[in-house]
Every structure is written in C-alpha cells, then in structure tokens.
Amino acid sequence: MLYNNVSIDSLGYELPPVKVSSAELEARLAPVYDKLKLRDGRLEMMTGIRQRYFWNEGFLPSEGAAAAGRKALASASVSKDDIGCLIMCSVCRDCLEPATASMVHDMLGLPGSCLVFDISNAC
C-alpha cells in the first residue's frame, strides 16, 4: 500500500524552564558520594549530560506538548483542520487513561476527525 498524503510538515518543541546541572545534582547526592567514595564530576562523566530541564511542580505533560504543537502549527503549511492524526510520543503522561494525546488534541483545537493515540516507552 502506498501513502501519498502523509508527511511531517513542521516540528515544534518546548523546553521546561528549570535548569539543573549535574554539579547541582551531585551536591544533593554528596552524602551518598561520600559514603561510596565517589569523586565529583562522575555523573557528567558517565552520562555526558551537563544540565537537564524540569517542569515546575504541577505542570502536566499535555501542557508542554500543546505548547510545542502550537509552535509546529504556527510554522506549518497546512491548516489545523487538515491534520488527520496526532501522535503523543512521550514517557510522561497526564494519566493512564484517557490517552494524553486526547488532551493535547483538545488544547490545540484539532478537528474531531483527527485520530489520536499515545506511544510511550521507558526503560
């Protein structure tokens, strides 16, 4: 089967506002590091991550996804009324059921004919 009308027209992302460095996390873990005789800098050395971003408490994954979706829609060459499928790909979700994609669909004002589903995977 060949699909001629499927494409990714634009992308959007939203970074959480709270930056936390590996050094800050290690400062919180100092008692554990001391007990295990671990040197500072280990977290960044092992992961390659210098900083990560966190949402403020109470912020829902659907809110971040909708903000990213609004950015994608603003740069898209198609109308939101022409979008046929919304896929929420995240480890985080608002709740187990209903799918977080349904909340994002509502926040973006997508048409009722637009399919929605979540894809989630975690280690």
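It should be emphasised that the depicted structure is a prediction, and the values quoted were computed from it without experimental measurement.

**A short note on helix 5 (residues 100–108)**
An α-helical segment advances 3.6 residues per turn. Residues three or four places apart therefore align on the same side.
Thought 1: Among the residues making up helix 5, those that are buried are Thr100, Ala101, Val104, His105 and Leu108. Mapping the buried residues of helix 5 onto a view down its axis gives an arc of 145°, with all of them on the same face.
Thought 2: Considering only its buried residues, helix 5 is in contact with helix 4 (61–75), strand 3 (85–89) and strand 4 (115–119).
Thought 3: Just past helix 5, the residue Gly109 takes up positive phi, approximately 65°.

**Comments concerning the nonpolar core**
Thought 1: Ala66, Leu86, Met88, Ala101, Val104, Leu108, Leu110 and Cys114 together form the largest nonpolar core, which totals 8 residues.
Thought 2: Taken together, the elements giving at least two residues each to this core come down to strand 3 and helix 5.
Thought 3: The element best represented in this core is helix 5, accounting for 3 residues.
Thought 4: Not counting the four nearest positions on each side in its chain, Leu110 is found in contact with Lys80, Ile83, Leu86 and His105.

**Quick word on the packing of aromatic side chains**
Thought 1: Per the counting criterion, the structure on display carries 1 aromatic pair.
Thought 2: Measuring from centroid to centroid gives 4.1 Å for Trp55 and Phe59, while their planes differ by 15°, and the two rings are stacked.
Thought 3: The residue whose ring lies beneath Lys71 is Tyr13, and the NZ or CZ to ring-centre distance is 5.9 Å.

**A closer look at the pattern of salt bridges**
Thought 1: Counted under the stated rule, the structure contains 2 salt bridges.
Thought 2: Residues Glu14 and Lys71 are paired through a salt bridge, measuring 2.7 Å at the closest nitrogen-oxygen approach. Of the two residues, Glu14 sits in the segment before strand 1 (18–21) while Lys71 sits in helix 4, which places them 57 residues apart along the sequence.
Thought 3: By relative accessible area, Glu14 is classed as partly exposed at 31%.
Thought 4: Owing to a relative accessible area of 41%, Lys71 belongs among the partly exposed residues under this scheme.
Thought 5: A salt bridge links Arg50 to Glu44; the shortest N-O distance between them is 3.3 Å.
Thought 6: What makes Arg50 exposed here is its relative accessible area of 61%.
Thought 7: Judged by its relative accessible area of 33%, Glu44 falls in the partly exposed class.

**A word on the packing of helix 4 against helix 5**
Thought 1: Between helix 4 and helix 5, whose axes approach to 9 Å, the crossing angle comes to 45°. When the axis of helix 4 is compared with that of helix 5, the two are oblique. Considering how the two elements wind past one another, helix 4 and helix 5 form a crossing that is right-handed. Contacts between helix 4 and helix 5 pair Ser62, Glu63, Ala65, Ala66, Gly69, Arg70 and Leu73 from the former with Thr100, Met103, Val104, Met107 and Leu108 from the latter.

Rules behind the numbers
Residue positions are given per chain, counting from 1 as you read along its sequence in written order. Only residues with pLDDT of at least 70 get local features here, since the model is predicted, and only at 80 or more are side-chain atom pairs given and counted; chain-wide, interface and lining totals rely on the full set of residues. Calculated side-chain values reflect all of the structure's heavy atoms, with hydrogen atoms and water omitted. Only protein chains enter the calculation, and the probe is 1.4 Å; a residue is then buried if its accessible area is under 20% of its type maximum, exposed if over 50%, and partly exposed in between. Each helix is a run of DSSP H or I of at least 4 residues and each strand a run of E of at least 2, with the numbering of both proceeding from the N terminus. Think of it as the arc spanned by the lines of direction from the helix axis to the C-beta atoms. Pairs of residues are marked as contacts when any of their non-hydrogen atoms sit within 4.5 Å. Each nonpolar core is a collection of buried residues, namely Ala, Val, Leu, Ile, Met, Phe, Trp, Tyr and Cys, held together in the definition by side-chain atoms within 4.5 Å. A pair of Phe, Tyr and Trp rings is counted when the ring centres sit within 6.5 Å of each other, with Trp represented by its six-membered ring. The angle between the planes then sorts it: under 30 degrees is stacked, over 60 is edge-to-face, the rest tilted. By the criterion adopted, a ring carries a charge over it if an Arg CZ or a Lys NZ lies within 6 Å of its centre and within 35 degrees of its normal. Every case where a carboxyl oxygen of Asp or Glu lies within 4 Å of a side-chain nitrogen of Lys or Arg is listed as a salt bridge. Convention adopted: a line fitted to C-alpha atoms gives each axis, helices being fitted over their contacting stretch, and angles between N-to-C directions are expressed from 0 to 180 degrees. Any angle between 65 and 115 degrees counts as roughly perpendicular, while under 35 counts as roughly parallel, over 145 as roughly antiparallel, and the rest as oblique. Crossings are assigned a handedness: left-handed for a near helix turned anticlockwise from the far helix by less than a right angle, right-handed for a clockwise turn.

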